[in-house]
Amino acid sequence: MNAEPLRVLIVDDSRIFRSVIEQALSGRNDVQVVGSVWNGEKALEFARISLPDFVTLDIEMPGIGGIATLRGLCELARVQNRAIGVLLISSYTERGATVTIEGLQEGAFDFITKPDGLDPNANAESLRVQLFAKIDAFRSRRQIEPSTASPTIQPTSVSPRVNRFRAVVIGASTGGPEALTRVLPILVPVCPVPMFLVQHLPVNFTEYFTTSLSRRCGDRVMQATEGTIAEPGFLYVAQGGKHLVLNKIDGKIVIGFSDSPPENGCRPAVDVLFRSASVAYAGQVLAVVLTGMGTDGAKGAAILKRSGARIVVQDEETSVVWGMPGSVVAAGAADEVRAISQIAPTLLAHLGVGG
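Residues numbered from 1 in each chain as written. Predicted model: local features only at pLDDT ≥ 70, side-chain atom pairs only at ≥ 80, totals over all residues. Heavy atoms only, no water.

A. Up close: the overall build of the protein. Scanning the protein for helices and strands turns up 11 helices and 14 strands. Here the protein has a C-alpha radius of gyration of 20 Å; the compact-globule value for 355 residues is 20 Å, and the two agree. Taking the principal axes of its C-alpha atoms as reference, the protein extends roughly 60 × 45 × 30 Å. Across the protein, contacts joining residues at least 24 apart in sequence account for 74% of those joining residues at least 6 apart. As presented, the protein carries roughly 14800 Å² of accessible surface, and 51% of it is formed by carbon and sulfur atoms. (Helix = DSSP H or I, 4+ residues; strand = E, 2+ residues; numbered from the N terminus. Rg over C-alpha atoms; globule rule 2.2 N^0.38 Å. Contact = heavy atoms within 4.5 Å. Areas by Shrake-Rupley, 256 points an atom, 1.4 Å probe, with all protein chains shown as cover.)

B. Just the sheet that holds strand β5 (residues 110–113), in detail. On the basis of which strands lie adjacent, the open sheet formed by five strands has the order β2-β1-β3-β4-β5 and parallel pairing. What marks the edges here is a single partner per strand, and that holds for β2 (31–37) and β5. Mean inter-strand twist for the sheet, computed between neighbouring axes without regard to direction, equals 25 degrees. Here strand β1 (residues 6–11) pairs with β2 via six bridges, running parallel. In the sheet register, V8 faces β2, and the bridge partner there is V33. Running at roughly 175 degrees to β2, helix α1 (residues 15–25) makes contact with β1, β2, β3 (54–58) and β4 (85–90) of the sheet. (Pairing = 2+ DSSP bridges. Axes fitted to C-alpha atoms, helices over the stretch in contact; angles between N-to-C directions.)

C. Local environment of the nonpolar core. Counting 58 residues, the largest nonpolar core has V168, I170, L184, L187, L197, L235 and L290 as its most contacted members. No other element matches helix α3 (residues 65–79), which puts six residues into this core. Of all hydrophobic cores here, the second largest spans 34 residues; its members include L244, L246, M324 and V337. (Core = buried A, V, L, I, M, F, W, Y, C linked by side-chain atoms within 4.5 Å. Buried < 20%, exposed > 50% of the residue type's maximum accessible area, 1.4 Å probe, protein only.)

D. Region of the structure containing the pairing of β3. In terms of burial, β3 is a largely internal element, five of the five residues being buried. Along β3, one buried face is formed by F54, T56 and D58 and the opposite face, lined by V55 and L57, is buried too. The sheet contact formed by β1 and β3 spans four bridges and is parallel. By the bridge assignment for β3, V11 is matched with L57. Inspection of the sheet shows β3 paired to β4 by five bridges, in the parallel sense.

E. Structural view of helix α4 (residues 94–106). The end-to-end C-alpha distance of α4 is 19 Å, a good match for the 18 Å that 13 residues give at a rise of 1.5 Å each. Taken as a whole, α4 has its buried residues at G96, A97, V99, T100, I101, G103, L104 and Q105. Looking at the buried residues of α4, the elements they touch are α3, β4, β5, α6 (176–187) and α7 (206–217). One or two steps after α4, the chain reaches G107, where phi turns positive at roughly 115 degrees. (Expected span 1.5 Å × (residues − 1).)

F. Spotlight on the sheet that holds strand β9 (residues 235–237). Spatially, seven strands are ordered β8-β9-β7-β6-β12-β13-β14 in an open sheet, and the strand pairing comes out parallel. Strands with a single pairing partner mark the edges of an open sheet, and in this sheet they are β8 (221–223) and β14 (336–338). Taking the axes of each pair of neighbouring strands and ignoring which way they run, one obtains an average angle of 20 degrees across the sheet. Against the sheet, helix α9 (residues 298–306) makes contact with β6 (167–172), β12 (285–289) and β13 (310–314), and its axis sits at roughly 145 degrees relative to β13, the strand it touches most. The sheet strands contacting helix α10 (residues 323–330) are β6, β12, β13 and β14, and the helix crosses β13 at an angle near 135 degrees.

G. Fine view of unusual backbone geometry. With an omega of 10 degrees, the peptide bond between R267 and P268 qualifies as cis. Looking at where P268 falls in the secondary structure, it is placed in the loop between β11 (252–258) and α8 (270–280). Although it is not a glycine, N81 adopts a positive phi angle of roughly 55 degrees. Along the polypeptide, N81 turns up in the loop between α3 and β4. With relative accessibility at 73%, the residue N81 sits in the exposed group.

H. Quick look at the packing of aromatic side chains. Considering all chains together, one arrives at seven aromatic pairs under this definition. Measuring from centroid to centroid gives 6.4 Å for F54 and F109, while their planes differ by 70 degrees, and the two rings are edge-to-face. Here F109 lies in the loop between α4 and β5 and F54 lies in strand β3, a separation of 55 residues in the sequence. Note on F109: relative accessible area 5%, which makes it buried. With a centroid separation of 5.2 Å and an interplanar angle of 25 degrees, the aromatic rings of F111 and F205 are classed as stacked. A residue pair is termed long-range when its members are at least 10 positions apart, and F111 in strand β5 and F205 in the loop between β7 (195–199) and α7 qualify at 94 residues. (Phe/Tyr/Trp six-rings, centres within 6.5 Å; stacked < 30°, edge-to-face > 60°.)

Below, the structure is given as C-alpha cells:
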C-alpha cells in the first residue's frame with residue numbers, strides 16, 4: 001500500500017468554490033492539498049514545477065479553458081512518466097455536458113457535478129461524497145501491486161468463422177468514454193449485428209455523448225428510443241436515467257425502457273441490459289465489460305454466460321478502474337480478458353469479420 005498522501009491541486013476560477021473543495025478534503029489524512037489556483041495557466045505553471053497526483057479541474061474557466069488545461073496536464077504527466085488523475089468539475093448546463101464528454105474522451109479520470117441545491121449544507125455534503133468516491137477509486141488504481149495483475153484468459157478461437165452471435169452488448173463506467181474511442185470507431189462501421197451500450201452518465205449528458213460517438217463512428221450511432229426495432233450495424237446508446245431493456249416481439253428485437261429502481265447505484269444499469277439480452281437473443285450475444293467503478297455487469301454477465309453468450313472484459317493494466325471488469329472475472333463469468341487495443345479485433349474475429 002502507498003502510505004504517502006495524495007497530492008491534490010484545486011483549479012477553479014471561483015475562490016469560494018476552491019475553499020469549499022479544500023474544506024471537503026480537509027478531513028482526510030490521506031489527502032494533501034498542495035495548491036489552489038484560479039485558471040489553467042496557473043495550473044500548468046504549478047504542475048511544471050511539481051506535478052500533483054490528482055487535480056480537480058473546473059472545465060468552464062476564462063483563459064485557456066478546461067480542455068486545454070487537461071491536455072497540458074496529461075502531456076506533462078507523459079513527459080514525466082507519472083500517473084495523474086484529473087477530475088473534471090462540471091455543471092448540468094448544455095455547455096458543461098458537452099465539454100465534460102470531450103474531456104472524458106481526452107483522458108480525464110472522471111467527473112463530478114457542482115451541487116446547485118438551495119441548502120448549502122446539503123450541497124457541501126453532496127460534494128464531499130462525490131469527491132471521496134472518486135479519490136478512493138483513483139487511490140485503489142494507484143495501489144495495485146504487480147502480483148495482482150489480471151489474468152489473460154485465452155479464447156477458444158479468434159479466427160474468422162461463421163458468426164453465431166446476433167448482438168453485441170457493452171457496459172462501461174469510469175474511463176469508459178476514452179476506452180470507447182479505442183473500440184467503437186473500429187467496431188461500428190463493419191459490425192454485422194446490432195450493438196447496445198450502457199455508459200454510466202447523468203440524464204443530461206447522454207445526448208452529447210451519443211453525438212460525440214457519432215462524429216467518430218458515423219451516422220449509425222444513435223440514442224436508444226422506446227419502440228425502435230434494432231437493426232444490424234447500428235449502435236444504440238442507453239439514455240441517462242432509464243434502464244435499457246431489449247424485448248423480442250413478433251420475432252424482432254424492440255428497444256424498451258424501464259423506470260425500475262437503480263441497480264448497483266446506477267440507472268441505466270449494465271446488469272439490466274445484460275439480463276434482457278440473455279432472453280431476447282437466447283444467449284447468442286457477445287458481451288463486453290470495460291473499465292468502470294463498482295460491480296455493475298457482473299451478475300448480468302453470469303446470466304449471459306449461462307445462456308451461451310461469450311464475455312470479453314478489459315484487462316486491469318489498461319483499465320482506469322478495474323472494478324466492473326474485475327468483478328466479472330471474480331464471478332467466473334469472463335471468457336477473455338483483453339487489453340483495450342485488442343477488444344475490437346477480438347469482437348470482429350468472433351463476428352466473422354475480417355481475417
